[in-house]
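# Close look at the chain arrangement
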Amino acid sequence: MKEDLRQIWQQLDKATARRVLDDWIRRADQSGIKMLQKFASTLAKYRSEILAYYDCRISTGPLEGTNNKIQLMKRQAYGFRDQEFFMLKIYALHRTKYALVG
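### Let's talk about the overall build of the chain
A tally of helices and strands in the chain yields 7 helices and 0 strands. Starting at the N terminus and ending at the C terminus, the chain contains elements arranged as α-α-α-α-α-α-α. Total accessible area computed for the chain in this model is approximately 8400 Å², and 58% of it derives from carbon and sulfur atoms.

Dropping the structure here:
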């Protein structure tokens, strides 16, 4: 079931992904496994949001990673009062990420 669920992201269009997701939810509901049924119910609630990926094909993963790095820097700099320096560190973090690629 886990591998089948990953197939949602491998589809070429939204209609096919919708069929794959609906089929997975149906099979999970019929499995008789309570945790799997609960997860299927959650996926059914967020069905339109999951399928919205096929409208733009973007992910918030890189953004979440950057936010985590900023929060870490903020914790490490606790007690410092220089807001401008903190902003410069954030800009440097962003530039460094792309400078190290390739």
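### Quick notes on the pattern of salt bridges
It is possible for side chains of opposite charge to pair when their charged atoms get near one another. Inspection of the entire model under this criterion finds 6 salt bridges. Across the pair Asp22 and Arg47 runs a salt bridge whose closest N-O atoms are separated by 2.8 Å. Of this pair, Asp22 sits in helix H2 (residues 14-30) while Arg47 is found in helix H4 (residues 47-51), placing the two residues 25 residues apart along the sequence. For Asp22, a relative accessible area of 32% corresponds to the partly exposed category. What emerges from the salt-bridge pattern is a single network uniting Asp4, Asp23, Arg26 and Arg27.

### Considering the nonpolar core
Counting residues in hydrophobic clusters, the biggest one holds 13 residues, and the most contacted among them are Leu5, Leu21, Trp24, Ile25, Ala28, Ala40 and Leu43. For this core, the elements supplying multiple residues, two or more each, are H2, helix H3 (34-45) and H4. Per element, the largest residue contribution to this core is 5 residues, and it comes from H2. When residues no more than four places from it in sequence are discounted, the contact partners of Ala28 are Met1, Leu36, Gln37 and Ala40.

### Structural notes on a nonpolar patch on the surface
Together, Met87, Leu88 and Tyr91 make up a nonpolar patch on the protein surface, roughly 290 Å² of accessible area in all. Position of Tyr91 among the secondary structure elements: in helix H7 (residues 83-99). Among the residues examined, Tyr91 registers a relative accessible area of 44% and is labelled partly exposed.

### Some points on the packing of H2 against H3
In contact at an axis separation of 8 Å, H2 and H3 are set at 150 degrees when each is read in the N-to-C sense. Of the possible angle classes, the one that applies to H2 and H3 is roughly antiparallel. In the packing of H2 onto H3, the handedness of the crossing is left-handed. For the pair H2 and H3, contact is made by Leu21, Trp24, Ile25, Ala28 and Asp29 and by Leu36, Gln37, Phe39, Ala40, Leu43 and Ala44, respectively. Looking at the contact of H2 with H3, its residues break down into 9 nonpolar, 1 polar and 1 charged.

Rules behind the numbers
Residues numbered from 1 in each chain as written. Predicted model: local features only at pLDDT ≥ 70, side-chain atom pairs only at ≥ 80, totals over all residues. Heavy atoms only, no water. Helix = DSSP H or I, 4+ residues; strand = E, 2+ residues; numbered from the N terminus. Areas by Shrake-Rupley, 256 points an atom, 1.4 Å probe, with all protein chains shown as cover. Salt bridge = Lys/Arg side-chain N within 4 Å of Asp/Glu carboxyl O. Buried < 20%, exposed > 50% of the residue type's maximum accessible area, 1.4 Å probe, protein only. Core = buried A, V, L, I, M, F, W, Y, C linked by side-chain atoms within 4.5 Å. Contact = heavy atoms within 4.5 Å. Patch = residues over 30% accessible without salt bridge, like charges linked within 9 Å, V, L, I, M, F, W, Y side chains within 5 Å. Axes fitted to C-alpha atoms, helices over the stretch in contact; angles between N-to-C directions. Parallel < 35°, antiparallel > 145°, perpendicular 65-115°, else oblique. Left-handed = near helix turned anticlockwise from the far one by under 90°. Nonpolar A, V, L, I, M, F, W, Y, C, P; charged D, E, K, R; others polar.

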